Each structure stands twice: as C-alpha cells, then as structure tokens.
Amino acid sequence: MYNGLLHLHSFMRWIALILLVIAVVKAVSAWNNSSKPYTEGNRKLNLFTLISVHLQLVIGIVLYFVSEKVEFGADTMKNPIIRYFTVEHVLMMIIAIALITIGYSKAKRIELGFEKHKKIAVFYGLGLLLILVSLAAAPYNIITKLF
C-alpha cells in the first residue's frame, strides 16, 4: 500500500504542478490584458488545479501517517531528511494549498473578470512559489531522487 501511494503521490505532483503553472501563466496574461474575460475554461482550469492540489494533500496526509521517513523523537530535528518530511514539507505544502484554496474562493465571489484573474494570479502564484521554495529547501539527496 505504501509504495502504491508513494508512486501515486509522485505522479500526481507533476499533474498538480503543470496545472498550477498553466493557471498562473493564464491568469497573469489575462490580468495584464484587462479586456480578457473570465471564461468557463478559466473557471474549469482553476477548479481542476484546486482539485489536484487537494488530492495531493489527501494522499500526502495518508503517507504522512504510514511513512518511515516521518518520526517523532529526540533526533527528528538533527536528521535533515526526517526533519524535512516530518516538519518542513508538510507545513509548507499545507500553507501553499491553503493559499490556492483562498484564491479560488475569493475569485469565485468576484464579478469582474479582471479582478478574478488578479486573485488567481496572486494566490495561485504565491502557492506555486511556496511549493517551489519547499522543493528547493529539500536536502540534496531528496532532490536528486525527484528527477
């Protein structure tokens, strides 16, 4: 079960990242060109992005409780790999997903397309930035296994 979930989490990260990058690029592009309307396609892209990151969160939470890389003990903060998975990764990803969720919720309530694009660009962009910073902060031997 653990290996299957780990592979699913690894596969889904690419889908979530690709959708997030596309959503941010489209929102920034439409924000710069204020005459672009907020279309049904934009709404669906933003919704699928939100769903993909939430699915990642659910899989990640399950992995958090079954992984041998998550430990709570005296040496947790001394070992960079265990610290990363026990504290840093989970905290940064929850904050990033919260920002993405807030951005989608705020954009949904706004009437003007320009403002919707702006909210998506800002909050999804911050979420993407936080995810990328979290990956860059990972210990070197974790990063080499990702690619």
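Provided above is the structure to which this section pertains.
The notes below deal with the structure included here.

Rules used in this analysis
- Each chain carries its own residue numbering, running from 1 in the written order of its sequence.
- Restriction of local features to residues with pLDDT of at least 70 applies here, the model being predicted, together with a cutoff of 80 or more for giving and counting side-chain atom pairs; totals for whole chains, interfaces and linings are based on all residues.
- Note: side-chain values were computed over all heavy atoms of the structure, leaving out hydrogens and water.
- Note on ring pairs: Phe, Tyr and Trp rings are taken, using the six-membered ring of Trp, and paired if centres are within 6.5 Å. Classes follow the plane angle, with under 30 degrees stacked, over 60 edge-to-face and the rest tilted.
- Relative accessibility under 20% of the residue-type maximum defines a buried residue, over 50% an exposed one, and the middle range a partly exposed one, all with a 1.4 Å probe and only protein chains included.
- Remark: nonpolar core denotes a set of buried residues (Ala, Val, Leu, Ile, Met, Phe, Trp, Tyr, Cys) joined through side-chain atoms within 4.5 Å.
- The helix count covers DSSP runs of H or I at least four residues long, the strand count covers runs of E at least two residues long, and both are numbered beginning at the N terminus.
- The contact criterion used throughout is that any non-hydrogen atoms of two residues lie within 4.5 Å.

To continue, consider the packing of aromatic side chains. In the structure shown here, the tally under the stated rule is 3 aromatic pairs. Summarising the aromatic geometry, the rings of Y64 and F65 are spaced 5.5 Å apart at their centres and angled 90° between planes, so their arrangement reads as edge-to-face. Here the aromatic rings of Y64 and F72 are separated by 6.3 Å at their centres, their planes lie at 70°, and the arrangement is edge-to-face. Under the relative-accessibility criterion, Y64 is labelled buried at 19%.

The next subject is the nonpolar core. One finds L20, I100, Y124 and I131 to be the most contacted residues of the largest nonpolar core, which totals 21 residues. Of all elements in the fold, only α1 (2-32), α2 (40-66), α3 (80-109) and α4 (113-136) reach the threshold of two or more residues within this core. When sequence neighbours within four positions are dropped, the list of residues in contact with I131 reads L17, L20, M93 and A96. Counting residues in each nonpolar core, the second largest holds 5 residues, with Y2, L5, I59 and L63 among its members.

Note that every value here comes from positions in space, so none of it alone points to a role or purpose.
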